[in-house]
Amino acid sequence: MRKLVFVVILFPWVYLASSCEDVELETTGIDPFFRIKFINADSLSTLDNLIAAIEERIEIIDDSLVFYDTLDNGTDVSNIVERLNLERSAIDTERTEFNSTKAIIESGSVVVNSITSSTGVDAKLPGIDSTTLFSIPLNPAQDVSLFEISLDGTLYDLEANYTRNTVVELRTVIVQALDLDVTSSSFEVQSIEYEDSLSNNSLDAIVTVHF
Amino acid sequence: MRLLQYIFRILLVAILPFNAFAQEDSTSVADSTINQADTTYTAADSTEITSDTTRIQTRSGLFLAIDYGKLATAVSDFESKFEASIGFQLSNRLAPVLEIGYAILNPRTAFENGTYESAGVYGRFGINYLIPLDNINIYYAGLRYGLSSYEDEGNYIIESDIFETYSVEFGESNQTATWFEIVLGSEKKIRNYNIYLGGLFRLRFINTRDKFVPIDTYSIPGYGRTLDKSVPALNLYVKYLF
């Protein structure tokens, strides 16, 4: 009879007690965003010009060295050859350094001062200078998001347009931003590429802009 | 019949609490003069059932039942349910039954970033086939067809680091759903009264329901969660047989 009492009275209460745990709402990490890479196009262009000039000079030096090597009139040109080799070595080192700098710029590594939304709130930026991709949250309530981005003390504007799509994944309501389009009057938008070629979700998008 | 009894004994002992002590209680009842004959039969049943089957009597009559497990939800803040049933126990071991209920469901696990509530009335009708173990304990199996009329509502929140929080309300009214159920149950007569304590296991299979995009119905009163095509349930009830 005691077992009966347990089942009749206690079972429903045990069941209820086990179901009464507090559940906190998880509301972060479910808003849409996209990633962006900033390329300093002016610096890149300057470096390209410098590297081209160096390569042109190296070509001239190489031609000169071939000329002096084939010279057969008894003239002592060893000093000239040595000087040309030293110069070639020096500018070749310089070219290597320029190429390294160019690679860094092309990777998008740049110090971003701030990314501010139209509501005036700054996005959290990674504290690492070598960051090459920056995540920018999109407005989940609208199909357009406006930003002001500060790079090296200069302000740039950015406008993102997209189509919102609400889905439920793993019991979480998520707002996706699809078919992202980015425009700017101060940046030059180079490309919008998706990591997954079948995706049109902003989470997979990498936008490259030149400034 | 003997095979059926063994199958139900295995199934129901595993899922329902009542049969776990049915045998023990029957032994204790053996001391009373009222049910002495029944208990004697139960003991004999395990060794020689064929000779005694005629001694089991299936009472016929109208019965009313209340799901006391659902009554207990009245004090919870995540759901509130009431369910009662009426039926008629026929002498041929068939028992047509009609179950009617009302439920307000607030499953906290519906959405990680939102709330959800569905409310409505439901009914099920069907039939049980009774398999008496003795004159105290009865197993039964049955089929049901269920119908629910309900509405739901809720909201979800999307927080952003740099934009205002996006909060959306949603909800649909005048929804309907139908489903089928397989029922396995057992009940035990409380001493010499016409009161029975019982429990039953249901396996529900959705037939039709309204669907919505992007936020679909999460739970249907009387049926349960819509995530799965079949939903198990356990009911505990007290029944009065007139």
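Residues numbered from 1 in each chain as written. Chains lettered and ligands numbered in written order. Predicted model: local features only at pLDDT ≥ 70, side-chain atom pairs only at ≥ 80, totals over all residues. Heavy atoms only, no water.

## A look at the overall build of chain B
Here is step 1: Counting its regular elements, chain B contains 4 helices and 10 strands.
Here is step 2: Element order for chain B, N to C, with α for helix and β for strand: α-α-α-β-α-β-β-β-β-β-β-β-β-β.
Here is step 3: If you take every contact in chain B between residues at least 6 apart in sequence, the share linking residues at least 24 apart comes to 64%.
Here is step 4: Within the structure as shown, chain B displays about 11300 Å² of accessible surface, and the carbon and sulfur contribution to it stands at 59%. (Helix = DSSP H or I, 4+ residues; strand = E, 2+ residues; numbered from the N terminus. Contact = heavy atoms within 4.5 Å. Areas by Shrake-Rupley, 256 points an atom, 1.4 Å probe, with all protein chains shown as cover.)

## Points about the confidence of the model for chain B
Residues and elements named next belong to chain B.
Here is step 1: Considering every residue of chain B, the mean pLDDT works out to 81; 77% of them sit at 70 or more.
Here is step 2: Here residues 13-52 is modelled with pLDDT under 50, and outside its nearest four sequence neighbours on either side it reaches 61 contacts, counting other chains as well.
Here is step 3: Scoring the predicted complex yields pTM 0.71 and, for the interface, ipTM 0.73. (pLDDT = per-residue confidence, 0-100.)

## Quick look at empty space enclosed by the protein
Residues and elements named next belong to chain B.
Here is step 1: Evaluated as defined, the whole model comprises 1 cavity of 30 Å³ or more.
Here is step 2: By volume, the largest cavity is sized at about 220 Å³.
Here is step 3: Lining the largest cavity we find 21 residues, and of these Ala65, Ser85, Glu99, Leu200 and Tyr237 sit closest to its centre.
Here is step 4: Listed by contribution, the elements that provide at least two residues to the lining of the largest cavity are strand 1 (61-67), strand 2 (79-89), strand 3 (94-105), strand 4 (114-132), strand 5 (137-158), strand 7 (195-209) and strand 10 (230-241).
Here is step 5: Its residues assigned to classes, the lining of the largest cavity shows 10 nonpolar, 4 polar and 7 charged. (1 Å grid on protein atoms, 1.4 Å probe; cavity = no way out; pocket = protein on both sides within 12 Å on 5 of 7 lines; lining within 4 Å. Points joined across faces, edges and corners; volume = space filled by probe spheres on them. Nonpolar A, V, L, I, M, F, W, Y, C, P; charged D, E, K, R; others polar.)

## Some details on the pairing of strand 8 (residues 205-210) of chain A
Looking down a regular strand, the side chains alternate between one sheet face and the other.
Residues and elements named next belong to chain A.
Here is step 1: With 6 of 6 residues buried, strand 8 lies mostly within the body of the structure.
Here is step 2: The alternating pattern of strand 8 places Ala205, Val207 and Val209 on one face and Ile206, Thr208 and His210 on the opposite face, and all of these are buried.
Here is step 3: Bridge count between strand 7 (residues 188-194) and strand 8: 6 bridges; the pairing is antiparallel. Bridged to Val189 within strand 8 is Val209. (Buried < 20%, exposed > 50% of the residue type's maximum accessible area, 1.4 Å probe, protein only. Pairing = 2+ DSSP bridges.)

## Some details on helix 3 (residues 78-107) of chain A
Residue and element names in this part refer to chain A.
Here is step 1: If you check helix 3, its first and last C-alpha atoms are 43 Å apart, about what 30 residues at 1.5 Å a residue would give, namely 44 Å.
Here is step 2: Within helix 3 the residues assigned to the buried category are Leu84, Ile91, Phe98, Lys102 and Ile105.
Here is step 3: Contacts made by the buried residues of helix 3 are with strand 1 (33-39) and helix 2 (41-70).
Here is step 4: Two residues or fewer after helix 3 comes Gly108, characterised by a positive phi angle close to 95°. (Expected span 1.5 Å × (residues − 1).)

## Description of unusual backbone geometry
Residue and element names in this part refer to chain B.
Here is step 1: The peptide bond linking Val213 to Pro214 adopts the cis configuration, its omega dihedral lying at 5°.
Here is step 2: When you line up the elements, Pro214 lands in the loop between strand 7 and strand 8 (219-220).
Here is step 3: The backbone of Arg93 sits at a positive phi, close to 75°, despite the residue not being glycine.
Here is step 4: Inspection of the secondary structure puts Arg93 in the loop between strand 2 and strand 3.

## Digging into the nonpolar core
Here is step 1: If you look at the biggest cluster of nonpolar residues, it comprises 27 residues, and the most contacted ones within it are Phe34(A), Phe38(A), Phe147(A) and Ile149(A).
Here is step 2: Mapped onto this core, the elements with two or more residues apiece are strand 1, strand 2 (112-117), strand 3 (134-137), strand 4 (144-151), strand 5 (154-169), strand 6 (172-183) and strand 8 of chain A.
Here is step 3: The leading source of residues in this core is strand 5 of chain A, at 4 residues.
Here is step 4: Setting aside residues no more than four positions away along its own chain, Ile149(A) makes contact with Phe38(A), Val112(A), Ser114(A), Ile115(A), Ile136(A), Thr154(A), Leu155(A), Tyr156(A), Leu158(A) and Phe187(A).
Here is step 5: Ile30(A), Tyr156(B), Tyr166(B) and Ile215(B) belong to the second-largest nonpolar core, a separate cluster that totals 15 residues. (Core = buried A, V, L, I, M, F, W, Y, C linked by side-chain atoms within 4.5 Å.)

## Comments concerning the packing of aromatic side chains
Here is step 1: What the rule picks out here adds up to 17 aromatic pairs over all chains.
Here is step 2: Seen from their ring centres, Phe111(B) and Tyr218(B) are 6.3 Å apart, and the 50° between their planes marks the pair as tilted. With Phe111(B) in the loop between strand 3 and strand 4 and Tyr218(B) in the loop between strand 7 and strand 8, this residue pair connects regions lying 107 residues apart in the sequence.
Here is step 3: Joined through ring pairs, the aromatic side chains of Phe38(A), Phe134(A), Tyr156(A), Phe187(A) and Phe211(A) make up one cluster.
Here is step 4: Positioned over the ring face of Tyr223(B) is Arg204(B), at 5.9 Å from the centre of the ring.
Here is step 5: Sitting over the face of the ring of Tyr196(B), Lys239(B) holds its NZ or CZ atom 5.1 Å from the ring centroid. (Phe/Tyr/Trp six-rings, centres within 6.5 Å; stacked < 30°, edge-to-face > 60°. Lys NZ or Arg CZ within 6 Å of the ring centre and 35° of its normal.)

## Brief notes about helix 2 of chain A
All names here are of chain A.
Here is step 1: Helix length check: helix 2 (30 residues) gives 43 Å between terminal C-alpha atoms against 44 Å at 1.5 Å per residue, within 8%.
Here is step 2: All buried positions along helix 2 are accounted for by Leu44, Leu47, Ile51, Ile54, Ile58, Ile61 and Leu65.
Here is step 3: Buried residues belonging to helix 2 abut strand 1 and helix 3.

## Concerning the sheet that holds strand 4 of chain A
Residue and element names in this part refer to chain A.
Here is step 1: With antiparallel pairing, the 4 strands of this open sheet are ordered in space as 2-4-5-6. With one partner strand each, in any of the chains shown, strand 2 and strand 6 form the two edges of the open sheet. The mean inter-strand angle of the sheet, taken between neighbouring strand axes irrespective of direction, is 35°.
Here is step 2: Note that strand 4 and strand 5 share 8 bridges and pair antiparallel. When the sheet's bridge partners are listed, Ser150 is paired in strand 5 with Leu155. (Axes fitted to C-alpha atoms, helices over the stretch in contact; angles between N-to-C directions.)

## Focus: the sheet that holds strand 7 of chain B
All names here are of chain B.
Here is step 1: Pairing in this closed barrel of 8 strands is antiparallel, and the strands run 1-2-3-4-5-6-7-10 around the ring. Strand after strand, the sheet turns through a mean of 25° between neighbouring axes, direction not considered.
Here is step 2: Pairing geometry for strand 4 and strand 5, over 19 bridges, is antiparallel. Following the sheet pairing, Gly120 is matched in strand 5 by Tyr150.

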